[in-house]
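Okay, here's what each chain looks like letter by letter:
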Amino acid sequence: MQSVGPYRFTHMLGTCPVGKAWAAIDEQGRFVTVAVLDAAAANTPGWREAFTGTANAMSQRPGGEAFAYADFYADEPWAAYPAESGPGAEKLFRALGQEYHPVPTAQAGATKQDDSPEPVSGVPRQPSGPPQSVSGPPHPVSAPPQPVSGVPQPTSGAPIAPWALHSGALPSVPPAPPPGDDAPQSPAPVSGAPMDPPPYDPFRAPVRRIKPSEPPPRRTGFWVGLAALVLVVAVASGVGIWAIAGNEQPDPYAPPTGTSTTASSTVAPVEPALKPWAQASLYSPEEKALAVAAPSLVFVEAVFTGYVRDTRTNVLVHPQPVSFIRRCSGFLLAPDGHAVTNGSCVKPAEARARWLAVDALARTLVQAKQLPAGQISAYVAANLGKVRFTGVEPDAEPTSAVYAQLNRAKGNAVAEPAIKAEVVRSLPEDSGNTALIKLARGNLPVVELNPSASLAEGSPVRILAYATSDVAFRNAAYRPQSRNVTITGTSQRGPVSIYLVNEDLGPASHGGIALDSSGRVAGLIYQDQAAPDRANRAILPASTISALLSEAGVANTLGDTDKVYRSGLDAYFSGDSSGAVTQLDRAAAATPDNLLAQAYRQNATERQRLEKASREQSSNLVLVLVGCAGVLLVALVILAVLLIRRRHR
């Protein structure tokens, strides 16, 4: 019989267009229902993810249907549900929107045979006229009754076991054949004279002289009851131990927490800024893609300082310098610190920088009580065409400072953990609007580009960038976030085509990553400049980024530590906890900034501990059950010996 994982199939329960539901039993004798996705459906794009996501959603929903075990990466993905919780496999297929067809069970009815004579209808007729006297001896009115030939037929077959209902029609018992003409007949009485009585024997008494004693009553019922009691005690003990062990048995596939204590109490738990297992389905390709790309994400803050001057006279409109801040996301493409971000963030165009400077000046005047708060927009509109934004000298450029942060980030940070950065190259808005920056630190985690990534209208894509929920802008806290969005259309910025999406992650998300299914960069999150709010609901293809790197002479290459980290993730998501611990420990030691390497190493260590505890629990349970079976066998042997000796007596 077919099997998957620890389960052996017993019979099929039902089918649907994409899979089958089976009844199965595990190595401990526990019954489950298993939903198996057909290989053809699993190889169809979207079905394996839908099967995995639906099973996880049912498990995580309060009061939902939690699977006992699953393998979503098998050629035919499957999920097993405890039988006592109901038809879990059927519920999973129905939750996928499939029409489920239970397998019908054949039943054979028993045929009842009855050879009794049929009753005669009507009532006897009375003779007319007075009774007539009849002389002579009476004659019999009918012959003596004749015996009915044949033997009674069984009304039904042998009792059928319940599980036999799944294996076909019920067996029928053939009727016994009627007796033939050569069946032995009762001997006929011999007619003739009666025989003479035997002579009298004085030693032959009509009664027995010595009367034997009555045999002792059999105690079969007692021994049967004792055997039943021993059997019940042994079975109840085994079931009780199994139930206790089952309740205490840890689940090696429980969701990781990222903060669980590991086997080494000296290792402090890690709290990464992004937890991929909380952003996507557990152990899914989406979780792995986030784990691959997230360490390379950087928070970028650029501070611009200059003076607002009158265009005609170069006279300062305000005696004090004016500053404004730009915040965005970026990602590292080389271990030496080269990263890509949005060009308008770190090097905005002159018109955009002038607008930001006048807006910042208006807000400064509001704080100084020199301008009503409701007049900011009017002030900007009235003065924007009359001023310039310059450096200390009229012909000098405003100064700028760029800082980058990994993992958690804080606004207005210029010291550790902030890393000083400089702009290497920037493309204008009509040619890609991307910028290459260089962080003043090496040995950093890197993400790969996918210049040939397929982006099409109507297709989903996962975006990853920095976001905040703080209302106060100045010292707001930022952390990586991800979201699934849908491509709704395309637009054109000069010679560059961009893709529009339906959602964004907030003002600081431009410059973030649009991921492909393996965790590579399919595109850069971009501002929809045609929208009134200039929301970050557009994606610039990765091919434009490749062109920028080529012009700057920078190669997108993974470092040795990046390769080790990805090998550790491969082992972790394939279930190899031991290999994952080894590889991720090396990656975490070589790249301290990669907090996810440390977190997944601790998760793999914890899962390894749970797997070991699970194996020990199973071994102890087997020993206990074998012991119970041995005690029961000895008791039955002793009982059999006692019964045999009793019969011989």
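Residues numbered from 1 in each chain as written. Predicted model: local features only at pLDDT ≥ 70, side-chain atom pairs only at ≥ 80, totals over all residues. Heavy atoms only, no water.

Asker: Sorry, what's going on with the overall build of the chain here?
Answerer: Across its full length, the chain carries 13 helices and 21 strands. The buried share of the chain, taken over its 649 residues, is 39%. For the chain, contacts bridging at least 24 residues in sequence account for 65% of all contacts bridging at least 6. Carbon and sulfur atoms make up 57% of the accessible area of the chain, which totals about 37300 Å². (Helix = DSSP H or I, 4+ residues; strand = E, 2+ residues; numbered from the N terminus. Buried < 20%, exposed > 50% of the residue type's maximum accessible area, 1.4 Å probe, protein only. Contact = heavy atoms within 4.5 Å. Areas by Shrake-Rupley, 256 points an atom, 1.4 Å probe, with all protein chains shown as cover.)

Asker: In this structure, what is going on with the environment of A522? I would like to understand it.
Answerer: Relative to the assigned elements, A522 resides in strand β20 (residues 521–526). In the structure, A522 is positioned 21 residues away from S543 in sequence and 8.5 Å away in space, judged by C-alpha atoms. Those residues within four positions of A522 in sequence are excluded, and the remaining contacts are N450, A453, L455, A514, L515, D516, L540, P541 and A542.

Asker: Just checking my understanding: could you explain the state of the cysteines for this structure?
Answerer: This model, assessed by the stated rule, comprises 1 disulfide. Here C328 engages in a disulfide with C345; their sulfurs sit 2.1 Å apart. Judged by the sign of its S-S torsion, about -85 degrees, the bond between C328 and C345 is left-handed. Placement of the pair is C328 in strand β9 (residues 322–332) and C345 in helix α7 (residues 343–346), with a sequence separation of 17 residues. C345 shares its class with C328; the two are buried. (Disulfide = S-S within 2.5 Å.)

Asker: Would you mind going over helix α11 (residues 560–573) with me for this structure?
Answerer: Residues spaced three or four apart along an α-helix point in a common direction, a consequence of the helix completing one turn every 3.6 residues. Its 14 residues place the ends of α11 20 Å apart at the C-alpha level, agreeing with the 20 Å of an ideal helix rising 1.5 Å per residue. The element α11 is largely enclosed, with a buried count of 10 among its 14 residues. Phi turns positive, to about 95 degrees, at G575, one or two residues after α11. (Expected span 1.5 Å × (residues − 1).)

Asker: Would you mind showing me how to read a nonpolar patch on the surface here?
Answerer: Together, L633, V637 and V641 line one region of the surface with nonpolar side chains, adding up to about 260 Å² of accessible area. Relative to the helices and strands, V641 resides in helix α13 (residues 595–648). (Patch = residues over 30% accessible without salt bridge, like charges linked within 9 Å, V, L, I, M, F, W, Y side chains within 5 Å. Salt bridge = Lys/Arg side-chain N within 4 Å of Asp/Glu carboxyl O.)

Asker: So what exactly am I meant to see when it comes to the pattern of salt bridges here?
Answerer: Pairing is possible between side chains of opposite charge, provided their charged atoms come close. Taken as a whole and judged by the stated rule, the model has 21 salt bridges. Notably, a salt bridge pairs R441 with E416, separated by 3.2 Å at the nearest N-O pair. One end of the pair, R441, is in the loop between β15 (434–439) and β16 (460–467); the other, E416, is in the loop between β13 (409–410) and β14 (419–426), with 25 residues separating them in the sequence. Here E503 ties to R483 by a salt bridge, and the two come within 3.7 Å at their closest N and O atoms. In this pair, E503 sits in the loop between β18 (496–501) and β19 (513–515) while R483 sits in strand β17 (residues 477–493), placing the two residues 20 residues apart along the sequence. Residue classification places E503 among the partly exposed positions, given a relative accessible area of 32%. Where salt bridges share partners, they join E416, R441 and D593 into one cluster.

Asker: It is not clear to me how the packing of α11 against helix α12 (residues 577–590) should be interpreted in this structure. Could you clarify?
Answerer: Between two packed helices, the angle of one axis relative to the other and the distance separating the axes together describe the packing. Packing of α11 against α12 leaves a shortest axis separation of 8 Å and a crossing angle of 150 degrees. Comparing their axes, α12 and α11 come out roughly antiparallel. Crossing of α11 against α12: the hand is left-handed. From α11, T561, V564, Y565, S567, G568, L569, A571 and Y572 reach across to α12, where they touch G579, A580, Q583, L584, R586, A587 and A590. For the contact of α11 with α12, the residue count by class is 9 nonpolar, 5 polar and 1 charged. (Axes fitted to C-alpha atoms, helices over the stretch in contact; angles between N-to-C directions. Parallel < 35°, antiparallel > 145°, perpendicular 65-115°, else oblique. Left-handed = near helix turned anticlockwise from the far one by under 90°. Nonpolar A, V, L, I, M, F, W, Y, C, P; charged D, E, K, R; others polar.)

Asker: Whenever I open this one, the environment of A302 confuses me. Can you help?
Answerer: Mapped onto the elements of the fold, A302 is located in strand β8 (residues 297–310). Separated by 99 residues in the primary sequence, A302 and A401 have C-alpha atoms spaced 5.6 Å apart. If we skip the residues at most four places from it in the chain, A302 touches F324, I325, R326, C345, V346, A401 and V402.

Asker: For this particular structure, what's the right way to read the environment of T434?
Answerer: With respect to the helices, strands and loops of the structure, T434 is situated in strand β15. Since its relative accessible area comes to 0%, T434 is described here as buried. For T434 and L524, which are 90 residues apart along the polypeptide, the C-alpha to C-alpha distance reads 8.7 Å. Contacts of T434, omitting those with residues within four sequence positions, involve T341, G343, R425, S426, L427, L524, L540 and L548.

Asker: What am I meant to see in the side chain of S577 here?
Answerer: Among the structural elements, S577 can be located in helix α12. On the accessibility criterion, S577 (3% relative accessible area) is buried. In this structure the side chain of S577 is engaged in a polar contact, spanning 3.0 Å, whose partner is the side chain of R607. With residues near it in sequence (within four places) discarded, S577 still touches A604, R607, Q608 and E611. (Polar contact = N/O pair within 3.5 Å; in protein donor to acceptor, adjacent residues only side chain to side chain.)

Asker: Can you help me understand the pairing of β8 in this one?
Answerer: Counting buried residues in β8 gives 12 out of 14 residues, a clear majority hidden from the surface. As judged from the 10 bridges shared by β8 and β9, these two strands associate in the antiparallel manner. Bridge pairing in β9 links A302 to R326. The pairing of β8 with strand β12 (residues 399–406) spans 8 bridges and is antiparallel. Following the sheet pairing, V300 is matched in β12 by A404. Sheet topology places β8 next to strand β11 (residues 387–390); 4 bridges connect them, and they run antiparallel. What sits directly across from D310, in β11, is V387. (Pairing = 2+ DSSP bridges.)

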